[in-house]
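Each chain, letter by letter, is given below.
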Amino acid sequence: MTILALKNVSKSFGPIQVLHDVDLALEPGEVHALIGENGAGKSTIMKILGGFLDPTGGEILLDGRPVRFASGPDAEARGIVVIHQEFNLAPDLTVAANVFLGRELGGLRLDHRAMRDQTAALLDRLDTRIDPGTPIRDLSVPDRQMVEIAKALSRKARVLIMDEPSAVLTHREVGALYAQIDRLRSEGVAILYCSHRLDEVAHLADRITVLRDGRVVRRALRGELTEDGMATAMVGRELQDFYPPKGNPRDEAALEVRGLTVPGRVHGASFTLRKGEVLGIAGLVGSGRTELAEGLVGLRTATGEIRVDGKPVAIRHLRDAFAAGLAYLTEDRKEAGLLLDKGLRENLTLATLERFGNLRVDTRAEDAALDRATADFDIRAKSRDMAAGKLSGGNQQKLLLAKTMLPDPRIIIIDEPTRGIDVGTKQQIYAFIRKLADEGRSIIVISSEMAEVIGLSDRILVMREGRIAGEVAGAQMTEDTIVRLAMGVTGNAA
Amino acid sequence: MKLDLHILGPLVALIALIILGALLNPAFLAPANITNVLARSAFIGIIAVGMTFVITAGGLDLSVGSMAAFLAGIAIIAMNAALPGVGENWGTILLGVGVAILGGVVAGLLNGLLITQARIEPFIVTLGTMGIFRSLTTWLADGGTLSLEYGLRTLYRPVYYGGIGWITWPIIAFALVAILGEWVMRHSRFGRHVEAIGSNDRVARYSAIDVNRVKLMTYVGLGLLVGIATVLYVPRLGSASGGTGILWELEAIAAVIIGGTALKGGRGRVWGTVVGVLILSMIDNILNLADLVSPYLNGAIQGVIIVLAVVLQREKRAADER
């Protein structure tokens, strides 16, 4: 008897549909793995099941009856517990206080001792030696994840939803986690398990559902899919005409990077970018792609050797990068890219104000620059005084691209060029990027969307755990090869 | 063009106050009274213009009132000490002026460096320096009052009381500072950077703006303006004590907020600040001239106006969101 199920569920954020008619059933005593690339819709499904999001279409069935969760706590009261990633704990409270947060024991005076003892017992079950009285702030990241797991176990869960619980755990802790999963399974709990580690999916899952672009593309029972089979199911899609034709990079190097290290994030990355080339950087979220780019342009402390056009340059601040002809378009458009409460003009010229007059900012010259930018990048805005935050995502991204291009850089690093924008604008932005490369500029594109990296790039670097795990070019640029490199799947990679 | 309530609101309130004042007491519009109101506004006003930049960049400075007292104290000590050597002339006065202005710059630098380099919250840093400056002043005055030598006081007096016709020097200085401040905020790169940092300092950093340097400059600029305000204040009484400049910081912050600058930063209105300062001192003046309400309730009325100003601005913003 299915405990919790999704039936024909779809979900849209504004005009963008992220889930299409998803069916998913969680059975008692079963581990159900949900896999897919970044952006395939896994977290949206978890949020819908956990009561944090409402579906736009279809229904959620609890014990066969349609149900609507008012909130996360509402879903939890009905026995659906989500194990979040480790950053959802209150850092200043103790371990015990976090485990019992919102349902503290005791009356007027809290029963600190009972909460401590029960927390200690839970942590013991997980084979973890953490003092329940320690503030979360003082714990290591793996220990925090174990606390998050203990917190979920302390709830009487009928359904347990796990969002990459093992991503930050060490080998020993993963063992303890697996033992608890086995115990819960034998107790009849239904478990939904999301993971990027395909080996662990093969080991744990009784049932596997593969998502791609918000659709279920494959269902399998234990033993029906090998790790290779999973990777193939997650990728594999032809969208060639969606992307502009490949270019003809010259042999001259525009940028040479040797041993770039961002402490704790990127370890000794070396690569060369040629003139007129679009170089893709792929890898999982957290593999150090953004940190590599930010280290390169002086937004993070980094060591290593950088040469532009064969000449060594020292980049300590973003200004040094600008002076060397480098520009960086951030992945975080809303928090690092644009001033959402300011107009188009202020945003366009913010990084290059010194070009618009010495003492007095020449607003007429700024307006002229904005006219050019709106024409060049097809920015559609009701008025130039409107706040940038009121533009659609696609127009915001075009404005950000225009802002990045204003200093006329020769080397442009674009981090997630099309995150959260519609298909039509995506294609426009791909065309802009190719045009910039054809003009002889050199471009690095960082993207979580495999199809995008492959469709745009002349060559691709794949990052894994802060290192460049490999490089693929030409016919080798398949999603399969890249996923293997990104996930460190050892197999007969082409 | 759409009329902006942020600018218009405080201006309408100011005009209403002027009309009210004139109705309650004809003496309100007499040149002597207007000079009086404006001259008293000048100290807070000059400081509030600097405060506008600090708040717009997302900062805060609670130390300005104590800083003014401290600067007045060291300027008076310096002038008295120089009197025997330099003599009773403008050289001595200029030395005091230099001490006050340089001291203001150094004090602002201290606040700014603690905030940007030691990465301590502006509220905490300036709460600390507020206590330090206040206590140092009391200590220098040995619990009493520091007085400028009589002869120097007479020489220095016209800087506060004199001027061009009925427009005294403090009023002129306030006007110049306000015009310059408005220009810098509206038309200079620095002003644009200040607004960008207050709006979202991460975006500013990703736009190659030296965020720390700009923040530091807002505190140094404010320190300089506190120095200037002190230079104009000292000749008024010719003395300084532990009680000098008490609550100036709150009046300056209130004027900035009434004027429509957002306390969380990102939107600076220097003209608004000027209007805010005038509103506050006019309420004080009207209560003193009219017997309607006890002048002792001045603080209460100012408090209501501050809260009201913020409520009105928030409702305007909520309307914008729709």
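Under the annotation held in an unreviewed UniProt entry, chain B carries the name ABC transporter permease and is attributed to Paracoccus fontiphilus. Quoted verbatim from the Subcellular location (unreviewed entry) field of UniProt, the annotation for chain B is "Cell membrane".

If you look chain A up in an unreviewed UniProt entry, it shows as Sugar ABC transporter ATP-binding protein from Paracoccus fontiphilus.

A.B. asks: Residues and numbers for the domain arrangement of chain A, please.
C.D. replies: Residue and element names in this part refer to chain A. Its domain assignment divides chain A into domain 1 (4-234) and domain 2 (240-487). Averaged C-alpha coordinates put domain 1 and domain 2 at centres separated by 35 Å. Contacts between the two partners involve nine residues from domain 1 and, on the opposite side, 13 residues from domain 2. A buried area of about 830 Å², summed over both sides, lies between domain 1 and domain 2, and 55% of it is on carbon and sulfur atoms. Applying the counting rule to domain 1 against domain 2 returns zero salt bridges. Put simply, domain 1 and domain 2 have zero residue pairs in polar contact (both at pLDDT 80 or more) between them. The biggest single contributor to the side of domain 1 that touches domain 2 is helix α8 (residues 227-234), with four residues. By residue class, the composition of the side of domain 1 that touches domain 2 is four nonpolar, three polar and two charged.

A.B. asks: Account for the pattern of salt bridges, naming residues and giving values.
C.D. replies: With the rule as written, the count across this model stands at 39 salt bridges over all chains. When the shortest N-O distance is used, the salt bridge between E252 of chain A and K275 of chain A registers 3.3 Å. With E252 of chain A in the loop between α8 and β11 (253-262) and K275 of chain A in the loop between β12 (266-274) and β13 (278-283), the pair connects residues that are 23 residues apart, well separated along the chain. Exposure remark for K275 of chain A: the relative accessible area of 18% places this residue in the buried category. Between E439 of chain A and R441 of chain A there is a salt bridge, with its nearest N and O atoms 3.0 Å apart. By relative accessible area, which is 10% here, R441 of chain A ends up buried. Each of the salt bridges in this network shares a partner with another, and the network as a whole consists of R345, E366, D367, D371 and R384 of chain A together with R192 of chain B.

A.B. asks: Tell me about the interface of chain A and chain B, residues and numbers included.
C.D. replies: Contacts between the two partners involve 32 residues from chain A and, on the opposite side, 21 residues from chain B. Carbon and sulfur atoms make up 52% of the area that chain A and chain B hide from each other, which totals about 2,200 Å². Joining chain A to chain B, the criterion identifies three salt bridges. Among the ionic pairs, K342 of chain A bridges to E195 of chain B, the shortest N-O distance being 3.3 Å. Applying the counting criterion to the chain A and chain B interface returns 13 residue pairs in polar contact (both at pLDDT 80 or more). The element that contributes the greatest number of residues to the side of chain A that touches chain B is helix α11 (residues 333-337) of chain A, accounting for four residues. Its residues assigned to classes, the side of chain A that touches chain B shows twelve nonpolar, six polar and 14 charged.

A.B. asks: Got a sec to walk through the packing of helix α2 (residues 31-56) of chain B against helix α11 (residues 211-237) of chain B? Specific residues and values, please.
C.D. replies: What describes two packed helices is the angle between their axes and the distance between those same axes. Residue and element names in this part refer to chain B. One way to put it is that α2 packs onto α11 with a least axis distance of 8 Å and a crossing angle of 175°. As the angle between them shows, α2 and α11 are arranged roughly antiparallel. Contacts from R40, F43, I46, I47, V49, G50, M51, F53 and V54 in α2 reach T218, Y219, L222, L225, V226, I228, A229, L232, Y233 and R236 in α11. Residue classes in the contact of α2 with α11 are distributed as 15 nonpolar, two polar and two charged.

A.B. asks: Could you give an account of the sheet that holds strand β1 (residues 4-13) of chain A, naming the residues involved and the relevant values?
C.D. replies: Residues and elements named next belong to chain A. Strands sit in the order β2-β1-β4-β5 across an open sheet of four strands; the sheet is antiparallel. Each edge of the open sheet carries a strand with a single partner, namely β2 (16-26) and β5 (65-67). Averaged over all pairs of adjacent strands, the angle between strand axes in this sheet comes to 35°, irrespective of strand direction. Two elements, β1 and strand β4 (residues 57-62), share five bridges in a ladder whose sense is antiparallel. For S10, the partnering residue across the bridge sits in β4 and is G57.

A.B. asks: I'd like a rundown of the side chain of E195 of chain B, residues and numbers included.
C.D. replies: Here E195 of chain B shows up in helix α9 (residues 189-199). Residue E195 of chain B is classed as buried on the basis of its relative accessible area, which comes to 9%. Within the structure, E195 of chain B has its side chain in polar contact with the backbone nitrogen of G268 of chain B (distance 3.0 Å). If sequence neighbours within four positions are ignored, E195 of chain B has contacts with K342 of chain A together with T56, M185, R186, G266, R267 and G268 of chain B.

A.B. asks: Give me the lowdown on the pairing of strand β9 (residues 207-212) of chain A, citing residues and values where you can.
C.D. replies: All names here are of chain A. Bridge analysis of strand β3 (residues 31-36) against β9 gives five bridges, and the strand direction is parallel. Within the sheet, the bridge partner assigned to G36 lies in β9 and is L211. Pairing of β9 with strand β10 (residues 215-221) involves six bridges; the strand directions are antiparallel. Following the sheet pairing, V210 is matched in β10 by R218. In textbook terms, the turn of a hairpin is the stretch between consecutive antiparallel strands, and for β9 and β10 this stretch comprises two residues, one of which, D213, has a positive phi near 50°.

A.B. asks: Which residues make up the packing of aromatic side chains, and what are the values?
C.D. replies: On inspection of all chains with the given rule, the structure shows ten aromatic pairs over all chains. Measuring from ring centre to ring centre gives 5.3 Å for F377 of chain A and F432 of chain A, while their planes differ by 70°; the resulting arrangement is edge-to-face. One end of the pair, F377 of chain A, is in helix α13 (residues 363-377); the other, F432 of chain A, is in helix α15 (residues 423-438), with 55 residues separating them in the sequence. Like F432 of chain A, F377 of chain A is buried. Ring centres of F53 of chain B and F190 of chain B lie 6.2 Å apart, and the angle between their planes is 25°; this geometry places the pair in the stacked category. Of this pair, F53 of chain B sits in helix α2 while F190 of chain B sits in helix α9; the two residues are 137 residues apart in sequence, bridging distant segments of the chain. An aromatic cluster of at least three residues, connected via ring pairs, comprises F43, Y160, Y161, Y233 and W248 of chain B. The side chain of K11 of chain A reaches across the aromatic face of F13 of chain A, ending 5.2 Å from its centre. Of note, R157 of chain B hangs over the ring of Y161 of chain B, and the distance from its end group to the ring centre comes to 4.3 Å.

Reading the values: rules and limits
Residues numbered from 1 in each chain as written. Chains lettered and ligands numbered in written order. Predicted model: local features only at pLDDT ≥ 70, side-chain atom pairs only at ≥ 80, totals over all residues. Heavy atoms only, no water. UniProt positions renumbered as here; feature names shortened; annotations may be inferred. Domains from an automatic or database assignment. Contact = heavy atoms within 4.5 Å. Buried area = accessible area lost by both parts, 1.4 Å probe. Salt bridge = Lys/Arg side-chain N within 4 Å of Asp/Glu carboxyl O. Polar contact = N/O pair within 3.5 Å; in protein donor to acceptor, adjacent residues only side chain to side chain. Helix = DSSP H or I, 4+ residues; strand = E, 2+ residues; numbered from the N terminus. Nonpolar A, V, L, I, M, F, W, Y, C, P; charged D, E, K, R; others polar. Buried < 20%, exposed > 50% of the residue type's maximum accessible area, 1.4 Å probe, protein only. Axes fitted to C-alpha atoms, helices over the stretch in contact; angles between N-to-C directions. Parallel < 35°, antiparallel > 145°, perpendicular 65-115°, else oblique. Pairing = 2+ DSSP bridges. Phe/Tyr/Trp six-rings, centres within 6.5 Å; stacked < 30°, edge-to-face > 60°. Lys NZ or Arg CZ within 6 Å of the ring centre and 35° of its normal.

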